[in-house]
Amino acid sequence: MRWIGAFIITLISAVIVFTSFELKSWTINLRSEDVQGFMRTSDTQLNLNSWEAYFDKEIELIPISEKIVKINISNIEPKDLPESIKKFEQIKYASLYNLKIILNDQIKSFNISTTITLP
Amino acid sequence: MGTSRLNMKKLYRLVSSDDLEIYNLKESGELLFCKSVNPTKFNLKKIRHLIISAHFTNWDTKRIENIAYKPNSTVNMFASQSIYEKDKVFITLPYKSGNTDYWTQAWAPKNRLSPFLKTISKKIKIYPEALTINGSKKNTYWKSGPLILNSDNHSDFININFQEEFNHSISKNLNGFIFEPSIEFIIFKKKKPIGLIFSIFILLMSIIFIWFHSLNEIILEKNNPPTLYENNISGMKLLEIIQSSIPDGVIQNIKFDQRTDSTTYTFLSNTNALEFFILASEFSDTLSEWEISNEANVVTFKKKRDN
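The structure displayed is predicted, hence computed values, not measured ones.

*Asks:* Account for the overall build of chain B, with residues named and values stated.
*Replies:* For chain B, the count of helices and strands is six helices and 19 strands. The buried share of chain B, taken over its 307 residues, is 25%. Here the contacts in chain B between residues at least 6 apart in sequence split such that 59% fall between residues at least 24 apart.

Rendered as structure tokens:
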């Protein structure tokens, strides 16, 4: 009887461990589907590659403090400007301040700079 | 009366290999004889309390004046007096009389009890008759196996009487005797439920694991959902409208400042700036939210603030 009890408890433990891995995997999948997921955790929110992947452009990431960063995107062609601006507007996990869009008429391109406060 | 009998515990007395007596046990410890049965034809599994007669057991007492003496629970105090080897007998725990300095212990040869042990429940408690039956109240003799016993009113012990020199009346059974279950045989050693303890430990570990590995994160996220921001850029619509109405090659610079909600157009000449200012002023319906100003080659749109 004791051994049956022990077996059942061990079985429950195995199910718990299995469920834990499944939950983790589910959480990771859910986050990977969220293109802005990297902004939510301290580990990834200053990752240049993640930001560049999000904007689909080369950017300059300048940390001002632990939670405040300045982002510069240079040489945006006029046709790409609305898309770039849309990307900034769509940022949902961080607050956008002081967005500046400057046209450089000599090379017919725009520069965007903004300050972002991270969660 | 009938109900109180139903509530009584049953006590069984194994007198010999072919005689099992059944008693009702009162709360006071008094035994009420019910009947005798043949143990070989009786379902021994249901027995929970069994006393065994001197046919199956032996016992001895020893006076130890040292009050600090405490024998180990597994010690056989009278091993030297027994003809049986240590592992061939069941023993009781050593027991000290409450009123005297005497220690007592009983033992029972395994080979005599083994035919019964195969058919009894592991929950059974087996008592040595000579150390658990008190006949002092009844003040009579009784037969236990080959021995004739009686309780001594002046001590805690049972007297053994030899049959040859005995001429008193002997009680046929233990009816009216008092049962005092102070001492019992160690028959089935309780095994520690190591497997169960280990599995419970694994269960706890798995609960801790799931908490730190995934659950903690999910619950925290559920309780503290992330703050969502709306980063609408209010001047973008203006930028789109204006941009389409500026001819190519006349503008030097456009500066949009989200903080001040202003857009500054720097033209190549003052004339171009003035023409654009006049044109923009004509769109007063569309640009009603904006204040437009012109200074040299710069035209500035600034969002009107609600006061």
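*Asks:* Break down the interface of chain A and chain B for me, citing the residues and quoting the values.
*Replies:* Accessible area lost on assembly of the parts is the figure often given for the size of an interface. Contact with chain A, which involves 34 residues of that partner, is made by 33 residues of chain B. When residues of the side of chain A that touches chain B are assigned to their parent elements, the largest contribution, 15 residues, is made by helix H1 (residues 2-33) of chain A. Of the residues belonging to the side of chain A that touches chain B, the class tally is 19 nonpolar, eight polar and seven charged. Inspection of the sheet shows strand S3 (residues 95-104) of chain A paired to strand S16 (residues 251-257) of chain B by three bridges, in the antiparallel sense. Opposite A:Ile102, over in S16(B), you have B:Lys255 as the bridge partner.

*Asks:* How would you summarise the nonpolar core if you had to cite specific residues and measurements?
*Replies:* Ranked by size, the top nonpolar core spans 37 residues in total, and within it B:Leu14, B:Leu50, B:Ile52, B:Phe90, B:Ala108 and B:Ala130 carry the most contacts. Only strand S1 (9-16), strand S2 (19-25), strand S4 (49-52), strand S6 (89-91), strand S8 (102-109), helix H2 (110-117), strand S9 (125-128) and helix H3 (129-132) of chain B provide two or more residues apiece to this core. For this core, the element with the most residues is S1(B), which contributes four residues. Leave out the neighbours within four places in its chain, and B:Ile52 touches B:Leu14, B:Thr57, B:Ala108, B:Ile126, B:Pro128 and B:Glu129. One finds A:Ile101, A:Leu103, B:Ile251 and B:Ala280 within the second-largest nonpolar core, a separate group that totals 17 residues.

*Asks:* Any chance you could break down unusual backbone geometry for me, citing the residues and the numbers?
*Replies:* Residue and element names in this part refer to chain A. One non-glycine residue, Asp-56, lies in positive phi territory at about 60°. Of note, Asp-56 is situated in the loop between helix H2 (48-55) and strand S1 (60-63). For Asn-75, which is not glycine, the phi dihedral falls at a positive 55°. Along the chain, Asn-75 falls in strand S2 (residues 68-76).

*Asks:* Residue-level account of the pairing of S3(A), with values.
*Replies:* With eight bridges connecting them, S3(A) and strand S4 (residues 109-117) of chain A associate as antiparallel partners. Opposite A:Leu103, over in S4(A), you have A:Phe110 as the bridge partner.

*Asks:* Can you lay out the environment of A:Ile91 for me, pointing to particular residues and giving the numbers?
*Replies:* Relative to the assigned elements, A:Ile91 resides in the loop between helix H3 (81-89) and S3. Considered as a pair, A:Ile91 and A:Tyr54 are 37 residues apart in the sequence and their alpha carbons are 9.7 Å apart. Setting aside anything within four residues of it in sequence, one finds A:Ile91 in contact with A:Gln36, A:Leu96 and B:Asn231.

*Asks:* So what's going on with the sheet that holds S9(B)? Which residues, and what values?
*Replies:* Picture the strands of a sheet paired through backbone hydrogen bonds; they go either parallel or antiparallel. Residue and element names in this part refer to chain B. The strand order across the open sheet formed by five strands is S3-S2-S1-S4-S9, and the pairing between neighbours is mixed. Each edge of the open sheet is held by one strand with a lone partner, namely strand S3 (31-37) and S9. Within this sheet the neighbouring strands show an average axis-to-axis angle of 25°, counted without direction. Examined bridge by bridge, S1 and S2 share seven bridges and lie antiparallel to one another. Bridging across to S2, Arg-13 finds its partner in Glu-21.

So, how was this worked out
Residues numbered from 1 in each chain as written. Chains lettered and ligands numbered in written order. Predicted model: local features only at pLDDT ≥ 70, side-chain atom pairs only at ≥ 80, totals over all residues. Helix = DSSP H or I, 4+ residues; strand = E, 2+ residues; numbered from the N terminus. Buried ≥ 20, exposed ≤ 12 C-beta atoms within 10 Å, placed from the backbone. Contact = placed C-beta atoms within 7 Å. Nonpolar A, V, L, I, M, F, W, Y, C, P; charged D, E, K, R; others polar. Pairing = 2+ DSSP bridges. Core = buried A, V, L, I, M, F, W, Y, C linked by C-beta atoms within 7 Å. Axes fitted to C-alpha atoms, helices over the stretch in contact; angles between N-to-C directions.

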